[in-house]
Amino acid sequence: MTVLVTGANRGIGLEMVKQMKAQGLDVIGTARKPAEAEELRATGARVEQLDVTDAESLAALAETLKGVKIDMLVNNAGVGGQAPVSFRETDFAATDWTFAVNTLGPMRVTQALIDNLDAGKHKTVIHISSVMGSIERNRGGYYGYRASKAALNMMNKSLAQELGEEGYTCVVMHPGWVQTRMGGPGAAITSEESVKGMLKVFAGLGTKDNGRFYDYQGESIPW
Ligand code: NDP
């Protein structure tokens, strides 16, 4: 089984590659700067360059991976966006960037690698989103980040309708509040715990889960 994980040089993505390699999977981990991704290279995974916002980088990855079957794509790369919670302070340049990475990025990656996924056996696309993209669970603030993840969730749902007819499983995951650069040191769980849970969920995924939104413990999250 071959898996490609974006944003794999640190945080949740790096931990996912480590645990997947330990399970004996073939893993391709992407990084914006592979030369600086020592920990990722040390996992033994195949490392490729990718900036999810950059058309040239996406085209180069597709070219490099021509003919490689990919069973599972994990669109993990993301940015936290602007921290201030007030509407009056919302910065639109930061919000534009948040959407470029968190929403359009995964769409671009999936489109760039669709031939690889078509050729794969499992045809699974995972979007690492967030409970912060849940409209029902919205507690205010973080306009750009929340909206970028809600839009990602909507994109996943459309993808699930279209690609579901071709046997794909497209799922949205909330990794928990995780101790990474984005989650901060005071977050609730370690990346080890988050990824351990998510890999259990991944292992049980099938077409019955197409279009669903789960957390790292396999609980459904309301839209
Ligand atoms: P980190 O900030 O630790 O890591 C983010 C990763 O995304 C890095 O590898 C970073 O690469 C990469 N990245 C950022 N921008 C781009 C880009 N333009 N192209 C390619 N890669 C990029 O975050 P986490 O590991 O915590 O987050 C991973 C995912 O989990 C994100 O989608 C996030 O929204 C989600 N999430 C995280 C939560 C948490 O509590 N930590 C909670 C809910 C969701 P580089 O090093 O080059 O910047």
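Relevant structure appears above.
Once a new chain begins, its residue numbering starts again from 1 and follows that chain's sequence as written. pLDDT decides what is reported in this predicted model: residues at 70 or higher carry local features, side-chain atom pairs at 80 or more are listed and counted, and totals for whole chains, interfaces and linings draw on all residues regardless. Values shown for side chains rest on all heavy atoms present in the structure; no hydrogens or waters enter the calculation.

## A few points about unusual backbone geometry
Inference 1: Its identity is not glycine, yet Lys123 carries a phi of approximately 50°, on the positive side.
Inference 2: Helix numbering and strand numbering both begin at the N terminus, where a helix is a DSSP run of H or I of at least 4 residues and a strand a DSSP run of E of at least 2. Residue placement: Lys123 occurs in the loop between α5 (114-119) and β5 (124-128).
Inference 3: A 1.4 Å probe rolled over the protein chains alone gives each residue an accessible area, and that area as a share of the maximum for its type sets the label: buried under 20%, exposed over 50%, partly exposed in between. On the basis of relative accessibility, which here comes to 17%, the residue Lys123 falls in the buried class.
Inference 4: Notably, Tyr142 is not glycine yet its phi reads approximately 50°, a positive angle.
Inference 5: Along the polypeptide, Tyr142 turns up in the loop between β5 and α6 (143-164).

## Quick word on the sheet that holds strand β1 (residues 2-5)
Inference 1: Between any two strands, pairing holds if DSSP finds at least two bridges. Here we have seven strands laid out as an open sheet, ordered β3-β2-β1-β4-β5-β6-β7, and parallel in their pairing. Edge positions in the sheet fall to β3 (46-49) and β7 (213-215), since each has one partner strand and no second. On average, each strand axis in the sheet is tilted by 20° relative to the strand beside it, whichever way the strands run.
Inference 2: We call two residues in contact when some of their heavy atoms are within 4.5 Å. The axes are straight lines fitted to the C-alpha atoms, using for helices just the contacting stretch, and the angles between their N-to-C directions are given from 0 to 180°. Each of β4 (72-75) and β5 touches helix α4 (residues 92-112); the most contacted strand, β4, lies at about 160° to it.
Inference 3: Across the face of the sheet, helix α7 (residues 191-203) comes into contact with β4, β5, β6 (169-174) and β7 while running at roughly 160° to β6.

## Things to note about the packing of α4 against α6
Inference 1: Look at α4 against α6: their axes get within 8 Å of each other, and the N-to-C directions meet at 20°. One way to sum up the angle between α4 and α6 is to call them roughly parallel. Once α4 is placed against α6, the crossing between them reads as right-handed. Between α4 and α6, the contacting residues are Thr95, Thr98, Phe99, Asn102, Thr103, Pro106, Met107 and Thr110 on the first element and Gly144, Tyr145, Ala147, Ser148, Lys149, Ala151, Leu152, Met155 and Leu159 on the second.
Inference 2: A per-class count over the contact of α4 with α6 returns nine nonpolar, seven polar and one charged. By the definition adopted for this analysis, an angle is roughly parallel if under 35 degrees, roughly antiparallel if over 145, roughly perpendicular if from 65 to 115, and oblique otherwise. Each crossing gets its hand from how the near helix is turned against the far one by less than a right angle, where anticlockwise is left-handed and clockwise is right-handed. Residue classes follow a fixed rule: Ala, Val, Leu, Ile, Met, Phe, Trp, Tyr, Cys and Pro count as nonpolar, while Asp, Glu, Lys and Arg count as charged, and any other residue, Gly among them, counts as polar.

## Quick word on a positive patch on the surface
Inference 1: Any residue with relative accessible area above 30% and no salt bridge may belong to a patch, with like charges joined within 9 Å and the nonpolar Val, Leu, Ile, Met, Phe, Trp and Tyr side chains within 5 Å. Reported accessibility uses the Shrake-Rupley method at a 1.4 Å probe radius. Residues are deemed covered only where the shown protein chains occlude them. Counted as salt bridges are all cases of a side-chain nitrogen of Lys or Arg within 4 Å of a carboxyl oxygen of Asp or Glu. Positive charges come from Lys and Arg alone, negative charges from Asp and Glu alone, with His and the N- and C-terminal ends not counted. To locate a charge, take atom NZ for lysine, CZ for arginine, CG for aspartate or CD for glutamate. There is a patch of like positive charges on the surface, built from Arg10, Arg32, Lys33 and Arg181.
Inference 2: In this structure, Arg10 sits in the loop between β1 and α1 (11-22).
Inference 3: Residue classification places Arg10 among the partly exposed positions, given a relative accessible area of 38%.

## Details of the site of the ligand
Inference 1: If you check the shell around the ligand, you find 29 residues, and the closest are Asn9, Arg10, Arg32, Tyr145 and Thr180.
Inference 2: One of the side-chain nitrogen or oxygen atoms of Arg10 is found 2.7 Å away from an oxygen atom of the ligand.
Inference 3: Here an oxygen atom of the ligand sits 2.8 Å away from a polar atom, N or O, in the main chain of Asn76.
Inference 4: Relative to its free-state accessible area of 900 Å², the ligand is covered by the protein chains to the extent of 93%.
Inference 5: Secondary structure elements with two or more residues in the shell around the ligand: α1 and α6. What makes a residue near a molecule or strand is one non-hydrogen atom of that residue sitting within 4 Å of it. Nitrogen and oxygen atoms within 3.5 Å of one another constitute a polar contact, given that in protein one can donate a hydrogen and the other can accept it, and given that sequence-neighbouring residues count only through two side-chain atoms.

## As for the pattern of salt bridges
Side-chain pairing between opposite charges can occur once the charged atoms of the two side chains come close.
Inference 1: This structure, assessed with the given rule, holds four salt bridges.
Inference 2: We note a salt bridge from Glu39 to Lys18, for which the minimum N-O separation is 3.2 Å. Of the two residues, Glu39 is situated in helix α2 (residues 38-42) and Lys18 in helix α1; the sequence distance between them amounts to 21 residues.
Inference 3: Across the salt bridge formed by Arg46 and Glu48, the nearest N and O atoms sit 2.8 Å from each other.

## Topic: the pairing of β1
Inference 1: Here β1 shows a buried face lined by Thr2 and Leu4 and a second buried face lined by Val3 and Val5.
Inference 2: As for the winding sense of the linkage, the β-α-β connection from β1 through α1 to strand β2 (residues 26-31) is right-handed. Here a crossover is taken to be right-handed if, once the strands point away from the viewer, the path from the first strand over the helix to the second is traced clockwise.

## Some remarks on the packing of aromatic side chains
Inference 1: We call Phe, Tyr and Trp rings a pair once their centres come within 6.5 Å, taking the six-membered ring for Trp, and we label the pair stacked below 30 degrees between planes, edge-to-face above 60, and tilted otherwise. Summed over the entire model, instances satisfying the criterion amount to two aromatic pairs.
Inference 2: Here the aromatic rings of Phe213 and Trp223 are separated by 5.3 Å at their centres, their planes lie at 35°, and the arrangement is tilted. Of this pair, Phe213 sits in strand β7 while Trp223 is found in the segment after β7, placing the two residues 10 residues apart along the sequence.
Inference 3: Trp223 gets classed as partly exposed once you look at its relative accessible area, which sits at 39%.

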